[in-house]
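# Architecture at a glance
If you want the building blocks of each chain, they are given just below.
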Amino acid sequence: MIFLSPLLLLGLLALPALWWLVRATPPAPQEKTFPSLLLLKRLTARREDAARSPLWLLILRIAAVALVIFGLSRPVFIPHTSDTTNGPLLIVLDDGWASIPHWNERVAAALSLGQTALRNGNPVTVVHAARSSDGAMPEPFTTQDGHALSEHLEHLHAHSWPVDRAGLADLLQRVDLSDKHVVVLSDGLASPDDAVLQAALGKSRSVQDMRWNACDILRLSAGPNSDGALHAKAEGLNCPSRAVTIRAVAANGGTLATFPAQVGEDKTLVLPALLRNQLDHFTLEGMNGPATTVLLGDAGHRRPVGLLQTPGDTTPLIGSAFFLNHALDTVSERHNGDANALLGSSLSVLVATDGALSGDQTRKRVLEWVRHGGMLIRFAGPGLAAEPSSQQDTSSADPLLPVPLMNGMRQLGGPMSWGKPQALEPFPASSPFADLNIPTDVTVSRQVLAKPETGLQEHVWAALADGTPLVTARTEGNGEIILFHVTPSPDWSNLPISGLFPQMLEHLIERSAGVAGSGPTDLAPWRMLDSDGGLVMPPEAARSIRATDLSKTNVSVTHPAGLYGPAHGTRALNVSDHAPPLKEEPLLGARITPDGAHPDRPIGPWLLSAGLLVLMVDFVLSLRRRGLLGPVTALLVLIAMPQAQAQTGSHTPPALPASAPQAALETRLAYVLTGHDDVDEASKEGLQGLSDYTSARSSATLGHPDGVTPGKDDLAFYPMLYWPITADAQPDAARTKALNAFMDHGGILLIDQQGAGTDMDAGSGGAVRAALKRVTDGLVIPPLAKLTDKHVLGHTFYLLHSGFPGRINGQPVYVARNGDEANDDVSPVIIGNGDWAHAWAVDASGNHPYAVLPGGDDQRTQAYRFGVNMVLYALTGNYKSDQAHYPEMLRRLGQDNPDGQTNTGSTDEDEEDAP
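Presented here is a report on the structure given in the accompanying data block. Every value quoted in this text rests on a predicted model; they were computed, and no experiment measured them.

The next point concerns the overall build of the protein. When its secondary structure is counted, the protein shows 22 helices and 40 strands. Out of the 915 residues in the protein, the part that is buried amounts to 46%. For the protein, contacts bridging at least 24 residues in sequence account for 73% of all contacts bridging at least 6. About 45,600 Å² of surface is accessible on the protein, with carbon and sulfur atoms providing 54% of the total.

A few words on the environment of R571. Here R571 lies in strand β31 (residues 571-573). When its relative accessible area of 24% is taken as the criterion, R571 is described as partly exposed.

For the rest of this paragraph, the subject is the environment of S348. Examined against the element boundaries, S348 turns out to sit in the loop between α10 (339-343) and β17 (349-352). Since its relative accessible area comes to 1%, S348 is described here as buried. Separated by 162 residues in the primary sequence, S348 and E510 have C-alpha atoms spaced 9.7 Å apart.

Let's shift gears to the pattern of salt bridges. Tallying each qualifying case throughout the model produces 21 salt bridges. Taking the shortest distance from any N to any O, the salt bridge between D164 and R131 comes out at 2.7 Å. Taken as a pair, D164 in the loop between α5 (146-154) and α6 (165-173) and R131 in the loop between β4 (124-128) and β5 (141-143) lie far apart in primary sequence, 33 residues in all. Owing to a relative accessible area of 25%, R131 belongs among the partly exposed residues under this scheme. Across the pair D706 and R668 runs a salt bridge, and its minimum N-O distance is 2.8 Å. Taken together, the residues D706 in strand β35 (residues 706-708) and R668 in the loop between α16 (629-651) and β34 (670-672) connect sequence positions 38 residues apart. Judged by its relative accessible area of 16%, D706 falls in the buried class. Beyond isolated ion pairs, a larger network of salt bridges with shared partners links D94, R165, D187, D194, D209, R211 and E585.

Among the nonpolar cores identified, the biggest contains 66 residues, and W97, L168, L172, L185 and L201 are the most heavily contacted of them. If you tally residues by element for this core, the top one is helix α4 (residues 103-119), at eight residues. Non-local contacts of L168, meaning those with residues more than four positions away in its chain, are made with V92, V127, H128, A129, M137 and L197. Counting 46 residues, the second largest nonpolar core, distinct from the first, contains F379, V403, F427 and L508.

Scoring rules and cut-offs
- Residues numbered from 1 in each chain as written.
- Predicted model: local features only at pLDDT ≥ 70, side-chain atom pairs only at ≥ 80, totals over all residues.
- Heavy atoms only, no water.
- Helix = DSSP H or I, 4+ residues; strand = E, 2+ residues; numbered from the N terminus.
- Buried < 20%, exposed > 50% of the residue type's maximum accessible area, 1.4 Å probe, protein only.
- Contact = heavy atoms within 4.5 Å.
- Areas by Shrake-Rupley, 256 points an atom, 1.4 Å probe, with all protein chains shown as cover.
- Salt bridge = Lys/Arg side-chain N within 4 Å of Asp/Glu carboxyl O.
- Core = buried A, V, L, I, M, F, W, Y, C linked by side-chain atoms within 4.5 Å.

This is the structure in structure tokens:
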């Protein structure tokens, strides 16, 4: 320990004077002659004073003064550090990506070594091993001031590119090392130029190599292999195996899936096609940095569409591909041409109109392309309808059709005629079109018929009102074949000129597998990974990469890890790309450990605080010995009481009985506790996110949500109760009784199956439906109907026309067919499978921890809006339906519209604003 202000220790000379003052005795008593001894006998002593101060009080006061003097002299505690040779010190600081796991300890060790050298009167030089963001090697920093050294090290940060041993060796060649002691704070990772650096360090007086645990250096590699499956591997040095968790992350930061793995294990990652198309990057759980983050870029998400040309198909208004071209242009990157030209380029979807698949060679190439992962979308027409049905009756069935077809077509006025054009029936839940709203004016007058046979319904994605298929599909190899049983022109149906047509094509294209298209020749740096694994602007030294060279480019300051190319077609360069296996670097000098290498610790403030505390204790004891402690304490209480009452009266509400629940004081939502920590936590985060969203965008002010157990907790304080159904849920008579009372008194019960049976959780659909049947047995649930945008819930606050999604889109929602007349015609129950809590969820950091599929942030916004509508529906009832009766009410009252016009509907004009 040293003192930065040793002259203040002269104050210790005052301690003898303090001893003399405290030990001073009162004056000797004077002798007086008094005639009457009787009066003296009646006198009693009221207080006895000691002739001398007690020894403990004397020691206490001297200790207090000594502590204050020592604190003012600014003592500093010096931890034990590794011994260094006396003389100028040169610190080589590795600040590449491999130094990130122990970066703070590395900076602390450099500061400790530097402070030790400065105390011995030696200058300190700091040299950086990685190039700076401008591409140059940083100039050595030399100082003899401890504050300047601390400021320099405090503002340093690790880079996302590796160290440059060759550049460091060139820099050291220009520095006189003959009188310097060198300490290398190495990251412990080998590089090709280690020998060059070791030769440069050999010119110094001595070299020491300080290292941390190299087993903490991990590097993640991930991506599709030649077989198309996703693989990932966490690489490390030759260390004992350890468990890690690989996270698959969407573009919005939500976790799509997690995979446990061992370091060094080649892990196969199985993701459903829907989730795989949402995949943005991989990362290791709890480890941030460029080496543990693998970007995928957008190039793998490009889905170019090829349209096979036939003569005259683009003729305006009558060509078979005219309306198809216009629909595709709004949702995709379209290429027209023949089969040879299109299949020779990178395509995700191939569209063929009637007659486009002619020729055995063309059909063979298209079939082979589909089997390798392509999507073929076909349209019917007179040519397809005229093909003989016997082909489908033989073993040589057309492999480019999803289902066998009957000969001829079904049309108005024909042998298989309808009485009127057929409308579309609602899309099945398993269809990729399930979330689309079907316009009532879309009809079909002609179609090719699928041959009725066992298993046909498994291939139907869309059907007409009479049950005949409109869109069928079949898996072929790694790809899919889809058939529209109508033409892409309005000859057979008005579907191609409706707004539904491009939406259906868009959903099919999004379902297809992306391709890595050619893109631009030069890929400019767009966003780079920083030391925390986040995307930032590129550094000054970043340069473009030729697309052909990306596959053999190593990460460096000129080509840092990140995304290259146009913003909507980026390609990724990762630390693990094309990198050799990790190896431990040979020692660059005598090995030393970082144990005890900590900066100096000032202890002056602690001594000052202790001294003042002792003086305060002495003051209290003195008051007590004089009998003044009680009066002084009472005086302080009287002085503080008016201020406390004023503050309490202006800011603090009056105390309430302990039995009053908080939900009685503010509006709160509630969720049913399931006993599953992950489900309950998601419910809590979801309702908290919905409460915050509702409070920010409406006049409703909601508090924190409560977890309740129906039958034990009072539900009367909650307007809406969220109930997630789990596969192991069991019936409970007390819960059923409490929920019936809750709904009977105006509460709304929101039952959520949490996406069971969908792509998000395909394996639990049957179990959750069985659990729903068990737990709702005994509940008074009215007849239900599918929720549409005509219901009051579709316009309670926001106008909702695109469904009622949660984390999963396209799932139907059911409400009471007729509302409860005793409760303002409000539906007492809402049942769905949207997994709303995960879509609304907000964690402690304000982030959305769960991805929504497939619409991303737009779908999350729609989920929030539906949640707001439900909350206000629960709070205000069915008042919005009264607006439809507003003109009739005015007419009966004999009142006119203030503007002289009849109000014929809702005044809503903007979906974004509340009515």
